[in-house]
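Residue-level listing of the chains:
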Amino acid sequence: MTLAHALEGLRCSACHTLNALRLDPARALVECRECGQSARILTDTDEGRSA
């Protein structure tokens, strides 16, 4: 499963449009195609590693 697949079935928190979110990995953003709302993607570089 890719991050783009994880966006399927989600609604925009601003306009509540279903399946309007798109991933822009180059800018680390998820944007709504309907209203233009955007959110930054934060990644965990230590994901899955034990301390």
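Residues numbered from 1 in each chain as written. Predicted model: local features only at pLDDT ≥ 70, side-chain atom pairs only at ≥ 80, totals over all residues. Heavy atoms only, no water.

**Here's the deal with the pairing of strand β2 (residues 29-32)**
Link 1 in the chain: What you see with β2 is no split at all: Leu29 and Glu31 on one side and Val30 and Cys32 on the other are buried throughout.
Link 2 in the chain: Where strand β1 (residues 21-24) lies against β2, 4 bridges are found, and the strand directions are antiparallel. Bridge assignment links Asp24 to a residue of β2, and that residue is Leu29.
Link 3 in the chain: Here β1 hands over to β2 after 4 residues, with Ala28 in that stretch at a positive phi of 55°.
Link 4 in the chain: Relative to strand β3 (residues 38-40), β2 runs antiparallel, the two sharing 3 bridges. If you follow Val30 over to β3, its bridge partner there is Ala39.
Link 5 in the chain: A loop of 5 residues connects β2 with β3, the two strands running antiparallel in sequence, and Gly36 in this loop sits at a positive phi of about 85°. (Buried < 20%, exposed > 50% of the residue type's maximum accessible area, 1.4 Å probe, protein only. Helix = DSSP H or I, 4+ residues; strand = E, 2+ residues; numbered from the N terminus. Pairing = 2+ DSSP bridges.)

**A word on the sheet that holds β1**
Link 1 in the chain: Strand order in this open sheet of 3 strands is β1-β2-β3, and the pairing throughout is antiparallel. Each edge of the open sheet carries a strand with a single partner, namely β1 and β3. Going from strand to strand, the sheet's axes swing by 20° on average, the running direction of each strand aside. (Axes fitted to C-alpha atoms, helices over the stretch in contact; angles between N-to-C directions.)

**Focus: the environment of Glu34**
Link 1 in the chain: Within the secondary structure, Glu34 is located in the loop between β2 and β3.
Link 2 in the chain: Between the C-alpha atoms of Glu34 and Ala14, which are 20 residues apart in sequence, the distance is 9.9 Å.

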